[in-house]
Amino acid sequence: MSRGDQLEELASDLSHAAEAARRLGLPTTVYLLSMALVEVREAAAADSDGNDDGAA
């Protein structure tokens, strides 16, 4: 599994956890998970940009 795949899987897990926290009424947890999700998505985007070199 590539780093990009791992980041996408982590983003999915964070998204599900944030939704569960939202349902449970845990706003601080939702906020923290949302901020982590933003960071992971940015890292995944940066990783995919880096993998485009020489690919065709």
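Whatever comes next refers back to the structure up there.
These remarks concern the structure in this document.

Scoring rules and cut-offs
- Residues numbered from 1 in each chain as written.
- Predicted model: local features only at pLDDT ≥ 70, side-chain atom pairs only at ≥ 80, totals over all residues.
- Heavy atoms only, no water.
- Salt bridge = Lys/Arg side-chain N within 4 Å of Asp/Glu carboxyl O.
- Helix = DSSP H or I, 4+ residues; strand = E, 2+ residues; numbered from the N terminus.
- Buried < 20%, exposed > 50% of the residue type's maximum accessible area, 1.4 Å probe, protein only.

A word on the pattern of salt bridges
Part 1 of the argument: A complete count under the given rule lists 3 salt bridges for this structure.
Part 2 of the argument: Here Arg-3 makes a salt bridge to Asp-47, at a shortest N to O gap of 3.6 Å. Placement of Arg-3 in helix H1 (residues 3–24) and of Asp-47 in helix H2 (residues 27–51) is noted, with a sequence separation of 44 residues between them.
Part 3 of the argument: We classify Asp-47 as buried; its relative accessible area is 14%.
Part 4 of the argument: Put simply, Arg-23 and Glu-19 hold a salt bridge, and the shortest N to O gap is 4.0 Å. Of the two residues, Arg-23 and Glu-19 both sit in helix H1, 4 residues apart, roughly one turn of that helix.
Part 5 of the argument: Arg-23 gets classed as exposed once you look at its relative accessible area, which sits at 61%.
Part 6 of the argument: Looking at Glu-19, the relative accessible area reads 34%, which means it is partly exposed.
Part 7 of the argument: Each of Glu-19, Arg-22 and Arg-23 takes part in a single network of salt bridges with overlapping partners.

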